[in-house]
Amino acid sequence: MRLILLGPPGAGKGTQAQRIVERHGIPQLSTGDMLRAAIAAGTDIGKKAKAVMDAGKLVSDDIVIGIVAERIEQPDCSKGFILDGFPRTLVQADATEAMLKAKGLELSAVIEIQVDDEVLTDRIAGRYTCAQCGAGYHDTNLKPKVEGVCDRCGSTHFKRRPDDNRDTVVARLQTYYKDTSPLIGYYYAKGLLHGVDGMASIDEVTASIEAILAKV
Ligand code: ADP
Ligand code: ADP
Ligand code: ZN
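Residues numbered from 1 in each chain as written. Chains lettered and ligands numbered in written order. Predicted model: local features only at pLDDT ≥ 70, side-chain atom pairs only at ≥ 80, totals over all residues. Heavy atoms only, no water.

- An unreviewed UniProt entry lists the protein under the name Adenylate kinase, with Ectorhizobium quercum as the source organism.
- Regarding the protein, the UniProt comment filed under Sequence similarities (unreviewed entry) reads as follows: "Belongs to the adenylate kinase family."
- Taken directly from UniProt, the Catalytic activity (unreviewed entry) text for the protein runs: "AMP + ATP = 2 ADP". (UniProt positions renumbered as here; feature names shortened; annotations may be inferred.)

Spelled out as structure tokens, the structure:
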């Protein structure tokens, strides 16, 4: 199964991707996570990406396409993968198709998580993750079962993203509508698009996605 999760920042792509990983055993390929890892490691790509990400703009197509092309060659992607936050431009979408075609593969589905703009600021401002295993949480919507302790790995260290602040959200949303939302029409035309109501609870969104995956 080769999936794309599409939706604005804070829609729930990462949250749902983590659940698909657990249920279906295919890896989550988050270009945001890969770029943050490159920044933490101090690589050339990380140095180029940092200021762009902090400003809520998009890292260049060449860089992210290169990262994904390398990642999907890894053995754990042989049974499929979930693209989370990629593609984000039409150029990236065409590159995705070309990469898969070269391997004789096709996409299984594109799932668009539809959310009203009003909730995105709160979802992003309240977002944090486990510093050890990356499990995602939210200040009010998704707290660990024991306060301050990660459900998945027991760590007591958590982190927040520097771009997850109310000022950057506006820029990131503008970027989404300008550069990424055209992908909705692009994938609709290819018969791959499936919309889910991302305003529902996290469990309900998971159930909607599972219903789609059962059919592809
Ligand atoms: P994205 O990867 O699309 O940017 P995330 O999955 O990181 O979004 O979700 C953003 C924040 O909103 C997280 O803190 C997450 O716990 C929370 N969240 C995700 N889905 C929902 C939902 N359906 N209802 C309420 N909060 C949600
Ligand atoms: P969110 O979960 O809020 O949608 P991500 O973690 O996916 O955010 O991305 C964080 C930032 O990393 C983006 O604002 C952008 O600067 C950069 N980025 C991630 N994926 C891509 C991509 N496919 N193309 C260009 N830039 C990207
Ligand atoms: Zn953890």
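Still to come is the rest of the account.
Concerning the overall build of the protein
Reasoning step 1: Within the protein one finds nine helices and eight strands.
Reasoning step 2: A compact globule built from 216 residues would reach a C-alpha radius of gyration of about 17 Å, and the protein, at 17 Å, matches this within 12%.
Reasoning step 3: Principal axes of the C-alpha set define a box for the protein whose edges measure 45 × 40 × 35 Å.
Reasoning step 4: The burial tally for the protein puts 44% of its 216 residues in the buried class. (Helix = DSSP H or I, 4+ residues; strand = E, 2+ residues; numbered from the N terminus. Rg over C-alpha atoms; globule rule 2.2 N^0.38 Å. Buried < 20%, exposed > 50% of the residue type's maximum accessible area, 1.4 Å probe, protein only.)

Re the UniProt feature "domain: Adenylate kinase active site lid" (unreviewed entry) in the protein
Reasoning step 1: UniProt records the feature "domain: Adenylate kinase active site lid" (unreviewed entry) for residues 127-163 in the present numbering.
Reasoning step 2: The straight-line gap between the two end C-alpha atoms of residues 127-163 is 11 Å; of that span, 0% is helix and 24% is strand.

Here's the deal with the packing of helix 2 (residues 31-41) against helix 3 (residues 44-54)
Reasoning step 1: Relative orientation of the contacting elements helix 2 and helix 3 amounts to 115 degrees, with a least axis distance of 8 Å. Pair helix 2 / helix 3 crosses with left-handed handedness. Packed against helix 2, whose contacting residues are Gly 32, Leu 35, Arg 36, Ala 38 and Ile 39, the element helix 3 presents Ile 45, Gly 46, Ala 49, Lys 50 and Met 53 at the interface.
Reasoning step 2: Class assignment of the residues belonging to the contact of helix 2 with helix 3 gives a composition of six nonpolar, two polar and two charged. (Axes fitted to C-alpha atoms, helices over the stretch in contact; angles between N-to-C directions. Left-handed = near helix turned anticlockwise from the far one by under 90°. Contact = heavy atoms within 4.5 Å. Nonpolar A, V, L, I, M, F, W, Y, C, P; charged D, E, K, R; others polar.)

Quick look at the sheet that holds strand 3 (residues 81-84)
Reasoning step 1: In space, the five strands of this open sheet follow the order 2-3-1-4-8, with parallel pairing throughout. This sheet does not close on itself; its edge strands, each paired only once, are strand 2 (28-30) and strand 8 (193-197). For this sheet the average axis-to-axis angle between neighbouring strands, irrespective of direction, equals 25 degrees. (Pairing = 2+ DSSP bridges.)

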